[in-house]
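Below, each chain spelled out in residue letters.
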Amino acid sequence: MTGTSPSSAVHPAALAALITHLHAVTNYGPGLILLTGRHGDGRTTLLRELAAQHDGPVLWSTAASWETHYPFGVIRQLFPGLATAADPGRVDAPAPDRTVARDQIEATAAATLGGATRSTSTTGPSDSVTSAEAAIPGTASDPEPDSEEMDATTTNLGNEPGPVEVAAAIARQIGARGTVLALVDDAQWADIASLQALSSTVRHHRGARLLIVAATVVADTNVAPDTVELLPRIATDTVRIGPLGTAEVGQLAARHGIALHPSMAERLCAHTGGLVRDVEQLLAEVPARVWAGFDPDLPAPATVRAKVRAALSDCTPAARRLIEATAVLGPGTPVHDAATLAGIDDDLLTVLDEAARTGLVRSGPQGLTEIGPAGPMPRAAVLADMGPAATAALRCRAAESTEDPVRRLRLLVAATPVPDAGLAERLDMLAGEQAAQGAWGTAASLLRDAGRLTADRLTREGRLTRAVDALIGAGDIFAAAALIPEVESLRETPLRNAVLGYLAMVRGRPAEAEMRLARAWDLVNAEREPDVAALICQRYVLHALCRCRPADLVDWADRSIALVGSGDPAAVEAAAIRGLGLIHGRADEARQSYAELSRQVRTGAQVQRIIMGRGWLELITDEFDDARADLESAVPTTYLGGSTRISLWARAWLARVQFLTGDWDDALNTVAEAAELVERTGIVLSAPLLHWTATAVHCLRGDWAAAQAALQHAATGPQDYEIMRVPSYLARAQWAEARADAAGVLRALHPMTQAWAVDGLDDPGQWPWADMYAHALITEGRYDEAETLLTRHEHHAAELGRPSAQARLQAVRGQLFGARGDLERARAAFAAALEQLEGMPLRYDRARVSLSYGQMLRRAGKRRDADAELSTARDLFATLGAHTYVIRCDRELKAGGVRAQRAGRTGDQLTPQEEAVATLVARGMPNREVAAELFITAKTVQYHLTRIYTKLGIRSRAELAALHGDI
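About the thresholds
Residues numbered from 1 in each chain as written. Predicted model: local features only at pLDDT ≥ 70, side-chain atom pairs only at ≥ 80, totals over all residues. Heavy atoms only, no water. Pairing = 2+ DSSP bridges. Helix = DSSP H or I, 4+ residues; strand = E, 2+ residues; numbered from the N terminus. Axes fitted to C-alpha atoms, helices over the stretch in contact; angles between N-to-C directions. Contact = heavy atoms within 4.5 Å. Polar contact = N/O pair within 3.5 Å; in protein donor to acceptor, adjacent residues only side chain to side chain. Buried < 20%, exposed > 50% of the residue type's maximum accessible area, 1.4 Å probe, protein only. Salt bridge = Lys/Arg side-chain N within 4 Å of Asp/Glu carboxyl O. Phe/Tyr/Trp six-rings, centres within 6.5 Å; stacked < 30°, edge-to-face > 60°. Core = buried A, V, L, I, M, F, W, Y, C linked by side-chain atoms within 4.5 Å. Parallel < 35°, antiparallel > 145°, perpendicular 65-115°, else oblique. Nonpolar A, V, L, I, M, F, W, Y, C, P; charged D, E, K, R; others polar. Arc of directions from axis to C-beta. pLDDT = per-residue confidence, 0-100.

The next subject is the sheet that holds strand β2 (residues 58-62). If you walk across this open sheet you meet the five strands as β2-β3-β4-β1-β5, and the pairing is parallel. The outermost strands of the open sheet, each flanked by one partner alone, are β2 and β5 (237-240). Ignoring which end each strand starts from, the neighbouring axes of this sheet average 20 degrees apart. Direction of pairing for strand β3 (residues 180-185) relative to strand β4 (residues 210-217): parallel, over a ladder of five bridges. Of the residues in β4, the one forming a bridge with V180 is L210.

So this is what it looks like as structure tokens:
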């Protein structure tokens, strides 16, 4: 095939689906695909792209509203003259001879398909037509028609052939030749006879290599109802065209030679509803300089403006006033407010009904109590038709009666064409209030408006700089980045450098952030501008967190608090992060600081930061249940305000909690949601941390393609932040370990053994790399290196108080003892590791320790003991879905050669609780029902099952049921 590739199409997914159907004709027979979408969605363009992809015959037709009752109108376009031998416009024309009509059908079909001769062979199981005579209904060889087909045979003019006859003739001419692609555009207006003929071709002539694509609109009340009802019934499948997404709008703009910034592409997508027609029209009509600006007011396309102008001209004065008032007030307006602004006192329902019929307004989700414009483009068209003076006057009147302070000021801004110092000051104050509540996006918009209305250059520049800072806080990094050239052109100030440093930070550029922040600190006068100095310190706190430098983090946090006091927003945020610097050796102090902060700050945007920081601390210190609760609470950004950046950190660490506790499906869902947010906002800092978790789950489950994709998303460079690089190293090590590639693990983690990876980076509670590295060293026979590494990290884990890390390191210590032949000390080390994990919800770690213990025992010749541990590991891995390690356990069990004797086993060795669990499981009850029966958790049931399997020497629920029956 030639032409447009699916990846470069306007609707790539829909085109790919249609191409799949086209390929399927050869093996599965003909089809009739219904292509549905809205007006202006690019259906015709998509049909052309499909035609360009097909290297065989392409037949095209376009239905029209005035031809809906013209029988075989579509067929005549596809096969000119095929359906009749007489002029359909002459009602007095003599009835054509059936033989003549049949000959003309086939001659025309042959000419349309390239002069092919008629084929009388059959190629499909239901294509039993072998002669021209058989095409006439009622002959002996014709299949018995159903009622619909009998009606179809008479849907003609006079004795003109009916749909079934036409279908048979088309099928014979198509025969076994190359696949024919028949396209019917605007199929909602197609005549019934043509659709019946096409449907009969597909249904009864399975040997015909034909794909029919009928493109139709949805949600249009003006179309022919019979056709709309018939089309879904005769379709063999449906392909739906959705609106364009932001990325697709950007690609479409690029095809028009316009490079749209992602934030502008998103704006255009929302403005047009993702409709191809409107996007293309605006790209052609709007001057190029507008697309390079920040947050412009986009107009409606000329065609939309013309339709709106015509609709308004047909309205009564009252309906027009209501439509204009609604356009000024915007979406979600109470009908009472719109009516008051429009000056409508009487007969409101009649006026509302008339306005709704124009299609320029629509009711809200709650029915008649709420009204709004039909969309951004109709609203823009109505405002443009009103003119600047009338619009400004109406906005000023609306502002007088609006209680919402943000809406009131926005209305006044839209009505103010010249600088206004008083209004700008009100906007600035309100922006500060909104920022304190976490409404960063609103704050950014207010500051931008304040800057536009400010005459003083220095004040205007300061407000623009703060608007960029608020955009970063809102998570709109693309929009903030689009303003970099404008901000860099401003006079250099400490605030300007601090904001640019903040932007570099969230974009994952440590060198630039360091340079910007250092310059800001050099310029600031802390005595004259303590608030700016405190803000710079707070940004240094974030920078130190990303560099994994806890001592620097605490130092800068203390400076920020000292400058402005503990109640200032910058100081509160610094204090919320300060606890993460205290984790490294001062965990109790960190807990106390978070407890005090939680008592002091109970509302506002800073609460999210405190909860996230506390959850991060709890994860590192093995308080997994508390960590899950806090991190889940820190994810939303809508309740009482919140930061997208903080939400992403919360999601990243929540995914780690879910992974460690065995909730892997939840972990993948968390990663997927956060990854979409990273893509949308441009906050890349947390991406490697997210994809580290995804890589681990996919590797352990044996989904190597997904693991490879996650690994690519986790990739970093040497100039990235440490908090990005370390999870990237760990993700690569997880990949290598899952593939039993010890050398690959050593390569992946080698950077962690260098001098820079100290202080916060060697905290095994946060970055569990040392046990993986030591395990790989032992596998490679490098025992002395493993000894040195283990000794250092065991002491460090004990000093920091990281029980789970101590357990992992103890297990590796046991492996080292076993490799050196010291079986007694090896057993003791593994026993200590298992005891350390007792009571922790770390199913993956428990399974890893049992696997390693079993491997050591088997190699030491203790095959029966090894069998028990390996069986435990296998069952734990199986419950997690870790198929990679289930297979590894099976290999170890097979190599051990032990098959525990089932006969004669009893349940005497089980505890009463284990016996109760065993009895219920043996009856076939799932874990959740067993848990409910015994008033315990499902995880506790699984824990007991693991011990039961080990004690009884079995590996599955089926074996337990069989053994229980014997007992």
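Its place among the elements puts T884 in helix α45 (residues 883-896). Separated by 145 residues in sequence, T884 and R739 place their C-alpha atoms 8.4 Å apart. Not counting chain neighbours up to four residues away, the residues in contact with T884 comprise C699, L700, R701, G702, W704 and A738. Looking at T884, its side chain comes within polar contact range of the main-chain oxygen of C699, at 2.7 Å.

It is worth spelling out the pairing of β2 at this point. The two faces of β2 differ: L59 and S61 on one face are buried, but V58, W60 and T62 on the other face are not. As paired strands, β2 and β3 are joined by five bridges and run parallel to one another. For V58, the partnering residue across the bridge sits in β3 and is L181.

Turning next to unusual backbone geometry. Backbone geometry places C548, a non-glycine residue, at a positive phi of 60 degrees. Examined against the element boundaries, C548 turns out to sit in the loop between α27 (530-546) and α28 (550-564). Positioned with a positive phi, A740 is a non-glycine residue whose angle comes to about 55 degrees. Within the secondary structure, A740 sits in the loop between α37 (722-738) and α38 (742-749). In this structure A740 comes out as exposed when scored by relative accessible area, which is 59%.

A complete count under the given rule lists 50 salt bridges for this structure. With a shortest N-O distance of 2.4 Å, D353 and R357 are connected by a salt bridge. Here R357 and D353 lie together in helix α16 (residues 348-357), a separation of four residues that amounts to about one turn. With a relative accessible area of 41%, D353 lands in the partly exposed category. According to the relative accessible area criterion, R357 is exposed, its value standing at 60%. Notably, a salt bridge pairs R448 with D449, separated by 2.9 Å at the nearest N-O pair. In the salt-bridge network here, residues are joined through shared partners; they are D784, E787, E794, R813 and R820.

Before going further, it helps to spend a moment on the side chain of T670. Considering the arrangement of structural elements, one finds T670 in helix α34 (residues 664-681). If we skip the residues at most four places from it in the chain, T670 touches R651, L654, A655 and Q658.

Strand order in this open sheet of three strands is β6-β8-β7, and the pairing throughout is antiparallel. Looking at which strands have only one partner, the edges of the open sheet turn out to be β6 (333-334) and β7 (361-364). Relative to strand β8 (residues 367-373), β7 runs antiparallel, the two sharing four bridges. Considered in β8, the bridge of V361 is made with P373. Relative to β8, helix α14 (residues 317-329) is tilted by about 75 degrees, and along the sheet it contacts β6, β7 and β8.

What follows covers the packing of aromatic side chains. Counting across every chain of the model gives 14 aromatic pairs. With centroids separated by 5.4 Å and ring planes inclined at 85 degrees, the aromatic side chains of W704 and W735 adopt a geometry described as edge-to-face. On the criterion of sequence distance, the pair formed by W704 in helix α36 (residues 704-713) and W735 in helix α37 is long-range, its members being 31 residues apart. You can call W704 partly exposed: its relative accessible area is 25%.

Moving on to the nonpolar core. Ranked by size, the top nonpolar core spans 214 residues in total, and within it I472, W616, I723, L749, W767, W769 and F877 carry the most contacts. Those residues within four positions of W769 in sequence are excluded, and the remaining contacts are L730, L749, M752, T753, L761, L789 and H793. One finds L78, A171, A197 and V217 within the second-largest nonpolar core, a separate group that totals 34 residues.

Next up on the list: the packing of helix α35 (residues 687-701) against α45. The N-to-C vectors of α35 and α45 enclose an angle of 40 degrees; their axes lie 4 Å apart at closest approach. Judged by the angle between their axes, α35 and α45 are oblique. Two secondary-structure elements touch here, α35 through C699, L700 and R701 and α45 through H883, T884 and Y885. Of the residues assigned to the contact of α35 with α45, the class counts are three nonpolar, two polar and one charged.

Quick look at α16 now. Regarding α16, the residues found buried are V351, L352, E354 and A355. Buried residues along α16 cover an arc of 160 degrees about the axis, so they all sit on one side. Turned more than 90 degrees away from the buried face of α16 sit L349 and R357, all of them exposed. For α16, the secondary structure elements touched by its buried residues are α14, β7 and β8. Phi turns positive one or two residues past the end of α16, at G359, with a value near 80 degrees.

This prediction gives the chain a mean pLDDT of 85; 88% of its residues lie at or above 70. In the model, residues 83-112 has pLDDT below 50 throughout and makes 49 contacts with residues more than four positions away in sequence or in other chains. Across residues 115-158, where pLDDT falls below 50, the model places 77 contacts with residues more than four positions away in sequence or in other chains.

Turning our eyes to something else, we now look at the environment of C548. Residue C548 is classed as buried on the basis of its relative accessible area of 10%. When the C-alpha positions of C548 and D759 are compared, they lie 7.9 Å apart, and in sequence the two are 211 residues distant.

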